[in-house]
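Each chain, letter by letter, is given below.
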Amino acid sequence: MRKEFLEISVGELISVTGGILAGTLLATLTNKIFIIPGIFILMPGFLEMKGNIFGSLAARLGTGLHLGTIGTNKIMTRPIIENVIASFLLSIIVSIALGLMAYVATIIFFKSSDISILFVSILASIISSLILIPLTVKSTLWLYKRDYDPNNIMGPYVTTVGDVVSIVSILLAILIVI
Amino acid sequence: MKIAIKIIKESFKVLLLASLISSFGGIGLEGVQKSIIAIIPLLVLLPALNDMVGDFGTTFSSKLTTLLFLGKINPRNVLKSEDIKKIITTIYIVALICAAYISVLSIIIASLKSFDVTFLMFLKILVISLVVTSLIVSVIIIISVLVGIYVFKKNKDPNNFLIPLTTSISDLGSMLTLSILVRIMF
C-alpha cells in the first residue's frame, strides 16, 4: 500500500502543480481570454479533448514500441505518420463540435452569441496540435529509448503540458480572431 | 491510411461524447463566470481540480479492470475485496491531500498577484476543493464498480468504457458542483 501511495501521490502532485500553472496563466490573461461569450463552456471540453487525444496517441505509440511495430530510430515511419494524421484530424473534428456546442449553448442559456467562439476553437486546436503532436511523439520515443515505460509517464505528462499549451493556444487564437 | 481511418473510426464517438459532456460542466461555470473571474484563487484552482478528479477516475478504473482480469476479485463481491479496499483508501487519502495542496497553492499564487486574501476566503476555497473532490471521487468509484462489473460480465474490456466515462463524468460533476458551491458561498 505504501508503494502504491507513493506512486499515485507523486504523479498526482506533479500533475496538479501543472494544473495550477495553467490556472495561473488563466488568471493572468483574464482580460484577454474572457472577452468572448462561451469561453467557459468551451474550456473544460477543450482541455479534456487534448488530454484524451494526445494521451491515446502516446498510449498507442507506447504499445507499438513494446510490440516492436514502431522503432525508436526513425520518426517518419508509416505507423507514426498515420497516428499523427489521425490525432490531428480528430482534434479538428472535435474542436468544431465543441465550438458549435459553446455557440449554441450561449444562445440558449445566456441569450448572447458570438460566432468567433467557433473560429477560436478550431484555430486553438490547430495551434495546440502543432505543438503537442511533435512533443508527444518525441517524448514517447525518448522515454522508451532510455528504458522507461512511456505508459507510466506520458498520461499525467500529456494532460499537464496539454493544459498549459491549450490555454496559450486559446489566447493566441483569440488575438488572431478578434 | 488504414491505421489512421481505424483510429478515427474507433475514437471519434467516444471523444465527441466525452468532450460534449465536459462542455455541459462549462455551462454551469459560464453562469458563475463573474464570481470566478473576480475571485482569483478559484480561477487558479479550476484546471487543477478539473484534471485531478479525472485522474483519480482513470487510476481507479484501470486498477479495478486489472484486478478483474487477474481474477483477484470476485465480480459478485467487489467491495469485500481487500485489494479494492486498499485502493479506495489510498485514492481517498491522496485525493484529500491533493485537494488541500491545490487550495493552499492557489491562495499563495492569488496573494502574490496582489489579491486580498482573508482567512475566511481561504476556508471557503479549501471547503470547495475538499467537497468537490470527495463527492466526485465517491461518485466515480460507485459508477466504475457498477459499470466495470457489468461490462466485464459481458466479456468486454472495461478499460475501453470506464476511462472516457469516468473522466467525462468527473469533469461534468466537478464543474457543476463547483458552480453550485460558488453560488452558495460567494
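Since the model is a prediction, treat every value here as computed from it, not as a measurement.

Engineer: Go over the overall build of chain B with me, naming the residues and quoting the values.
Structural biologist: When helices and strands are tallied, chain B shows six helices and zero strands. For chain B, the proportion of its 186 residues judged to be buried stands at 49%. Counted over contacts in chain B with a minimum sequence separation of 6, partners at least 24 positions apart contribute 82%.

Engineer: Lay out the overall build of chain A in plain terms, naming residues and giving numbers.
Structural biologist: The helix and strand tally for chain A stands at six helices and zero strands. Counting from the amino terminus, helix and strand elements in chain A follow one another as α-α-α-α-α-α. For chain A, the C-alpha radius of gyration of 18 Å lies close to 16 Å, the compact-globule estimate for 178 residues. By its C-alpha atoms, chain A is 55 × 40 × 25 Å across when sized along the principal axes. Long-range contacts, defined as pairs at least 24 residues apart, comprise 79% of the intrachain contacts of chain A with a sequence gap of at least 6.

Engineer: Quick one: what's the story with the environment of Tyr101 of chain B, residue by residue and with numbers?
Structural biologist: Among the secondary structure elements, Tyr101 of chain B is positioned in helix α4 (residues 82–112). C-alpha separation for the pair Tyr101 of chain B and Ser129 of chain B, spaced 28 residues apart in sequence, amounts to 9.6 Å.

Engineer: Account for the nonpolar core, with residues named and values stated.
Structural biologist: Core analysis: the largest hydrophobic core is formed by 106 residues, its most contacted members being Leu49 and Ile102 of chain B. Setting aside residues no more than four positions away along its own chain, Ile102 of chain B makes contact with Val16 and Ile20 of chain A together with Leu45, Ala48, Leu49 and Ser129 of chain B.

Engineer: Let's hear about the interface of chain B and chain A: which residues, and what values?
Structural biologist: Residue-level contacts link 49 residues of chain B with 50 residues of chain A. Elements represented by at least two residues in the side of chain B that touches chain A include exactly α1 (2–31), α2 (33–38), α3 (40–70), α4 and α6 (158–185) of chain B. A per-element tally of the side of chain B that touches chain A places α1 of chain B first, with 18 residues. Partitioning the side of chain B that touches chain A into residue classes produces 30 nonpolar, 13 polar and six charged.

Engineer: Explain α1 of chain B to me, using residue names and the numbers behind them.
Structural biologist: Along its 30 residues, α1 of chain B runs 44 Å from first to last C-alpha, staying within 8% of the 44 Å computed at 1.5 Å per residue. Of all the bends found along α1 of chain B, the most pronounced is centred on Ser11 of chain B and spans about 40 degrees.

Engineer: How would you summarise unusual backbone geometry if you had to cite specific residues and measurements?
Structural biologist: Unusually for a residue other than glycine, Lys111 of chain A sits at a positive phi of about 50 degrees. Inspection of the secondary structure assignment puts Lys111 of chain A in the loop between α4 (78–110) and α5 (116–145). Phi at Ser114 of chain B takes a positive value of approximately 65 degrees, unusual for a residue other than glycine. Tracing the chain through its elements places Ser114 of chain B in the loop between α4 and α5 (119–153).

Engineer: Which residues make up the packing of helix α3 (residues 39–67) of chain A against α5 of chain A, and what values go with them?
Structural biologist: The angle between the axes and the distance between the axes are what describe a pair of packed helices. All names here are of chain A. Close contact between α3 and α5 brings their axes to 10 Å; oriented N to C, the two are set at 25 degrees. Between α3 and α5, the interaxial angle falls into the category roughly parallel. The handedness of the crossing between α3 and α5 is right-handed. Along its contact with α3, which presents Leu42, Phe46, Lys50, Phe54, Leu57, Ala58, Leu61, Gly62 and Leu65, the element α5 presents Ile117, Ser121, Ala124, Ser128, Leu132, Thr136, Val137, Thr140 and Tyr144. In the contact of α3 with α5, the residues fall into 12 nonpolar, five polar and one charged.

Engineer: Requested: an account of the confidence of the model for chain B, with residues and values cited.
Structural biologist: Averaged over every residue, the pLDDT of chain B is 88; the share at 70 or more is 99%. Among the scores for the predicted complex, ipTM is 0.85 and pTM is 0.80.

Engineer: Give a description of α5 of chain B that names residues and reports values.
Structural biologist: Between its first and last C-alpha atoms α5 of chain B spans 51 Å; for 35 residues at 1.5 Å apiece the expected length is 51 Å, and the two agree. Positive backbone phi, approximately 60 degrees, marks Asn155 of chain B, located one or two places after α5 of chain B.

Engineer: Break down the packing of α3 of chain A against α1 of chain B for me, citing the residues and quoting the values.
Structural biologist: Look at α3 of chain A against α1 of chain B: their axes get within 6 Å of each other, and the N-to-C directions meet at 150 degrees. It follows from the interaxial angle that α3 of chain A and α1 of chain B lie roughly antiparallel. In the packing of α3 of chain A onto α1 of chain B, the handedness of the crossing is right-handed. On α1 of chain B, the residues touching Phe40, Ile41, Leu42, Met43, Pro44, Gly45, Glu48, Met49, Asn52, Ile53 and Ser56 of chain A of α3 of chain A are Ser11, Leu15, Ala18, Ser19, Leu20, Ser22, Ser23, Gly25, Gly26, Ile27, Leu29 and Glu30 of chain B. The residue makeup of the contact of α3 of chain A with α1 of chain B, split by class, is 12 nonpolar, nine polar and two charged.

Engineer: Tell me what's going on with the environment of Ile141 of chain B, and back it up with residues and numbers.
Structural biologist: Residue and element names in this part refer to chain B. On the secondary structure map, Ile141 appears in helix α5. A C-alpha to C-alpha distance of 16 Å links Ile141 and Leu130, two positions 11 residues apart in sequence. Dropping the residues within four chain positions of it, Ile141 is found in contact with Phe60 and Ile88.

Engineer: Describe in detail the environment of Gly155 of chain A, supporting the description with residues and values.
Structural biologist: One can find Gly155 of chain A in helix α6 (residues 150–177). Between the C-alpha atoms of Gly155 of chain A and Val16 of chain A, which are 139 residues apart in sequence, the distance is 13 Å.

Engineer: If you had to explain the confidence of the model for chain A to someone new, which residues and values would you point to?
Structural biologist: Low-pLDDT portions of the prediction should not be read for the details of their coordinates. The pLDDT averaged across chain A works out to 88; a share of 99% of its residues lies at or above 70. Model confidence for chain A, summarised as mean pLDDT per element, is weakest for helix α2 (residues 30–33) of chain A at 79 and strongest for α5 of chain A at 95.

Quick notes on the rules
Residues numbered from 1 in each chain as written. Chains lettered and ligands numbered in written order. Predicted model: local features only at pLDDT ≥ 70, side-chain atom pairs only at ≥ 80, totals over all residues. Helix = DSSP H or I, 4+ residues; strand = E, 2+ residues; numbered from the N terminus. Buried ≥ 20, exposed ≤ 12 C-beta atoms within 10 Å, placed from the backbone. Contact = placed C-beta atoms within 7 Å. Rg over C-alpha atoms; globule rule 2.2 N^0.38 Å. Core = buried A, V, L, I, M, F, W, Y, C linked by C-beta atoms within 7 Å. Nonpolar A, V, L, I, M, F, W, Y, C, P; charged D, E, K, R; others polar. Expected span 1.5 Å × (residues − 1). Bend = angle between axes of the 7 residues up to and from the residue. Axes fitted to C-alpha atoms, helices over the stretch in contact; angles between N-to-C directions. Parallel < 35°, antiparallel > 145°, perpendicular 65-115°, else oblique. Left-handed = near helix turned anticlockwise from the far one by under 90°. pLDDT = per-residue confidence, 0-100.

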